[in-house]
Amino acid sequence: SVGDLYPCGVTKPYKLYKEMEDKLSLRIHFYPELLSFTSEEIAEYRKNYSSDMLQFAGLKNLIDGVLTVYTAWMLEPYANNPETSGFPAVPVEQVREKMLEAISQGINLRIHTIGDKAVRYVLDIFEEAEQKYGRLDRRHNMEHIEYIDPDDIPRFARLGIVANMHFRHCTFYIDEAVKYLGKVREKYCFNWKSILETGATIGTGSDFPVVGLDPMQGVYAGVTRCRDDGYPDGGWLPEQRLSLSEVLRAYTYGG
């Protein structure tokens with residue numbers, strides 16, 4: 001199966017998928033953009049895209065950028081650029097309003113969060129939604145979670161939010177994260193094991209085209225926390241490595 005998540009900058013491909021539906025050889029689950037959705041669009045998606053091979057699965061949006069260009073939204077300033085703590089990439093109050101609206105309609109959400117302030121902001125919205133609507137039988141996801149404040153680690157399990165974390169991404173930061181975060185904060189990067197041990201579900205996938213589609217590269221990174229050449233010996237922050245069975249569960253059940 002593949003997940004088609006918010007194909008920004010291109011024409012929505014869903015009608016083309018529909019035309020190909022009887023020829024598909026893999027399942028497509030798609031997530032249009034959150035901030036512009038209407039109830040009428042959702043009704044159409046639910047009516048016309050609900051087969052075994054082609055499904056409307058929810059809505060997707062990002063809330064911040066990435067660590068290495070200072071656009072990940074952080075609680076504290078960057079160690080090597082103390083003038084900034086990053087910033088949200090979209091109007092955060094609009095994100096909150098549309099998330100609550102979608103949740104009230106029983107729609108699954110996937111929200112890109114990389115910095116610790118972005119993670120906390122979105123968790124706060126999911127918590128607010130639970131207080132408003134109760135615990136709904138949904139499969140909400142937060143994407144990436146590359147850096148997290150330790151106080152927020154237990155909240156995924158408590159709120160029933162899937163931590164959708166992409167194992168090979170950590171290999172980009174092995175010698176880089178400490179520059180941006182400093183030594184103390186570095187240990188809260190890609191905290192797969194810590195989140196899993198709270199009882200939360202971890203999901204994963206390729207995040208193509210950021211990395212390739214070959215899942216074995218992700219499996220290797222998840223088990224070793226090493227680059228493809230085996231660096232560093234023993235893995236980066238090795239206490240966060242996962243077992244092979246935990247990685248395979250993230251790719252299958254978690255996904």
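Residues numbered from 1 in each chain as written. Predicted model: local features only at pLDDT ≥ 70, side-chain atom pairs only at ≥ 80, totals over all residues. Heavy atoms only, no water.

> What am I meant to see in the packing of aromatic side chains here?
Any two aromatic rings considered together are summarised by their centre-to-centre distance and by the angle between their planes. The final tally for this structure, using the stated rule, is 15 aromatic pairs. Considering the side-chain rings of Y70 and Y78, the 5.0 Å spacing of their centres and the 90° angle between planes classify their relative orientation as edge-to-face. In this structure Y70 comes out as partly exposed when scored by relative accessible area, which is 24%. By relative accessible area, Y78 is classed as buried at 2%. Among the aromatic residues, those joined into a cluster by ring pairs are Y14, Y17, F30, Y45, Y49 and F56. A cation over an aromatic ring shows up here: R249 above the ring of Y253, its NZ or CZ 4.2 Å from the ring centre. (Phe/Tyr/Trp six-rings, centres within 6.5 Å; stacked < 30°, edge-to-face > 60°. Buried < 20%, exposed > 50% of the residue type's maximum accessible area, 1.4 Å probe, protein only. Lys NZ or Arg CZ within 6 Å of the ring centre and 35° of its normal.)

> Got a minute to help me understand the sheet that holds strand β3 (residues 54-56) in this structure?
Neighbouring strands of a sheet are bound in pairs by backbone hydrogen bonds; such pairs are parallel or else antiparallel. The sheet built from three strands is open, its strands ordered β1-β2-β3 with parallel pairing. The open sheet has two edge strands, β1 (2-5) and β3, and neither has a second partner. Pairs of neighbouring strands in the sheet enclose a mean axial angle of 20°, with direction left out of account. In this structure, strand β2 (residues 28-31) lies alongside β3, joined through three bridges in parallel fashion. Note that in β3 the partner of I28 across the bridge is L54. (Pairing = 2+ DSSP bridges. Helix = DSSP H or I, 4+ residues; strand = E, 2+ residues; numbered from the N terminus. Axes fitted to C-alpha atoms, helices over the stretch in contact; angles between N-to-C directions.)

> Before we go on, may I ask you to explain unusual backbone geometry in this structure?
Apart from glycine, the bulk of residues carry a negative phi angle, and the bulk of peptide bonds sit in the trans form. A cis amide bond, omega 10°, links F208 with the succeeding residue P209. Structurally, the position occupied by P209 is in the loop between β8 (202-203) and α8 (215-224). A cis amide bond links Y231 with the next residue in sequence, P232, at an omega value of -5°. Topologically, P232 is positioned in the loop between α8 and α9 (244-254). The phi torsion at Y70 lies on the positive side, around 65°, for a residue other than glycine. By the element assignment, Y70 lies in the loop between β4 (59-62) and α3 (92-104). The phi torsion at H144 lies on the positive side, around 85°, for a residue other than glycine. Here H144 shows up in strand β6 (residues 141-144).

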